[in-house]
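Report on the structure
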Amino acid sequence: MAIRNIREIGEEVLTKRCKEVTEMTPRVRELIEDMLDTMYEANGVGLAAPQVGVLKRVVVIDVTGEDPHIFINPRIVETSGEQTGQEGCLSVPGKSGQVTRPNYVKVAALDVNMKPFELEGTELLARAICHELDHLEGRLYVDKVEGPLQDVRYDEEAEDEEQEEV
Ligand code: ZN
């Protein structure tokens, strides 16, 4: 188990397009383990590899705290509907902003054994998938915020279930 440093907005690694994973190696397995540890340690619901400084197309998401999903080379194959809500990012600490995303997405990816799978998500899971896949393209949610970025007041955050950092 290892916690990696989370890179923050302003660092170049967050602006780059990530490369496909072509084979599962001990190094990629270790990256995935470390990303899960780092996400849980930071109380996030998702994390993309560039957030720990690695330009690979790897994403982890767990919106309930007990249902980790690992996506290698993910791509969104279907979307529908719309949701507008507050979004935050572990790489943009202390801020949140309103972002509109699809309310449903279907994602195709490879699992840790490099086997293809598809997953459907709605609401927060759909939002997290969109947010994390943007990271793989070097995009941050701050460019999609409607209106100003807001400061998160952490004493109130616990009461706001809609506010999740990914
Ligand atoms: Zn993020």
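Located above this text is the structure these notes cover.
Now for a look at the structure at hand.

Right, let's talk about the sheet that holds strand β7 (residues 116-122) for a bit. Read across the open sheet, the five strands follow the order β1-β2-β3-β6-β7; overall the sheet is antiparallel. Every interior strand has two partners, whereas the edge strands, β1 (46-48) and β7, have only one. If you compare each strand with its neighbour and ignore which way they point, the axes differ by 35° on average. The pairing of β1 with strand β2 (residues 58-61) spans three bridges and is antiparallel.

Glancing now at the pattern of salt bridges. For the coordinates displayed, the defined rule picks out 14 salt bridges. E137 is the partner of R17 in a salt bridge, and the nearest nitrogen-oxygen pair spans 3.2 Å. Of this pair, R17 sits in the segment before α1 (26-41) while E137 sits in the loop between α2 (123-136) and β8 (146-151), and the two are 120 residues apart along the sequence. The partner of R101 in a salt bridge is D134, with the nearest N and O atoms 2.9 Å apart. In this pair, R101 is assigned in strand β5 (residues 95-101) and D134 in helix α2, connecting sequence segments 33 residues apart. Side by side, R101 and D134 carry an identical accessibility label, which is buried.

On the secondary structure map, G97 appears in strand β5. The spatial distance from the C-alpha of G97 to the C-alpha of P148 is 6.8 Å, given a sequence separation of 51 residues. Ignoring any residue separated from it by four or fewer positions in sequence, one finds G97 in contact with G85, Q86, E87, Y141, V145 and L149.

Take α2 next. Because the α-helix completes a turn every 3.6 residues, residues three or four places apart line up on one side. With 14 residues, α2 should reach 20 Å at 1.5 Å per residue; the first-to-last C-alpha distance of 21 Å fits that figure. The buried fraction of α2 amounts to twelve of the 14 residues, a majority that puts the element mostly inside the structure. Residues of α2 that are buried: L125, A126, R127, A128, I129, C130, H131, E132, L133, D134, H135 and L136. A positive phi of about 80° marks G138, the residue just after α2.

Take the environment of A48 next. You can see A48 is positioned in strand β1. Each C-alpha atom, one on A48 and one on P68, is 13 Å from the other, the two residues being 20 residues apart in sequence. With residues near it in sequence (within four places) discarded, A48 still touches M35, V58, V59, E132, H135 and L136.

Moving on, we get to the pairing of β5. Across five bridges, strand β4 (residues 83-87) lies against β5 in antiparallel orientation. Bridge pairing in β5 links T84 to T100. Where β5 and β8 come together, three bridges link them in antiparallel fashion. Bridge pairing in β8 places S96 opposite Q150.

Quick look at the side chain of S91 now. With respect to the helices, strands and loops of the structure, S91 is situated in the loop between β4 and β5. For S91, a relative accessible area of 0% gives the class buried. When residues no more than four places from it in sequence are discounted, the contact partners of S91 are I6, R7, E8, I9, L14 and Q51.

Now for the sheet that holds β4. The pairing of strands in a sheet comes from backbone hydrogen bonds and takes either a parallel or an antiparallel form. Taken in spatial order, the three strands make up an open sheet running β4-β5-β8, and their pairing is antiparallel. Edge positions in the sheet fall to β4 and β8, since each of these pairs with one other strand and no more. Within the sheet, the average angular offset between the axes of one strand and its neighbour, ignoring direction, is 25°. α2 contacts β4 and β5 of the sheet and is inclined by roughly 65° relative to β4.

Cut-offs applied
- Residues numbered from 1 in each chain as written.
- Predicted model: local features only at pLDDT ≥ 70, side-chain atom pairs only at ≥ 80, totals over all residues.
- Heavy atoms only, no water.
- Pairing = 2+ DSSP bridges.
- Helix = DSSP H or I, 4+ residues; strand = E, 2+ residues; numbered from the N terminus.
- Axes fitted to C-alpha atoms, helices over the stretch in contact; angles between N-to-C directions.
- Salt bridge = Lys/Arg side-chain N within 4 Å of Asp/Glu carboxyl O.
- Buried < 20%, exposed > 50% of the residue type's maximum accessible area, 1.4 Å probe, protein only.
- Contact = heavy atoms within 4.5 Å.
- Expected span 1.5 Å × (residues − 1).

Honestly, it's all geometry; don't read function into it.
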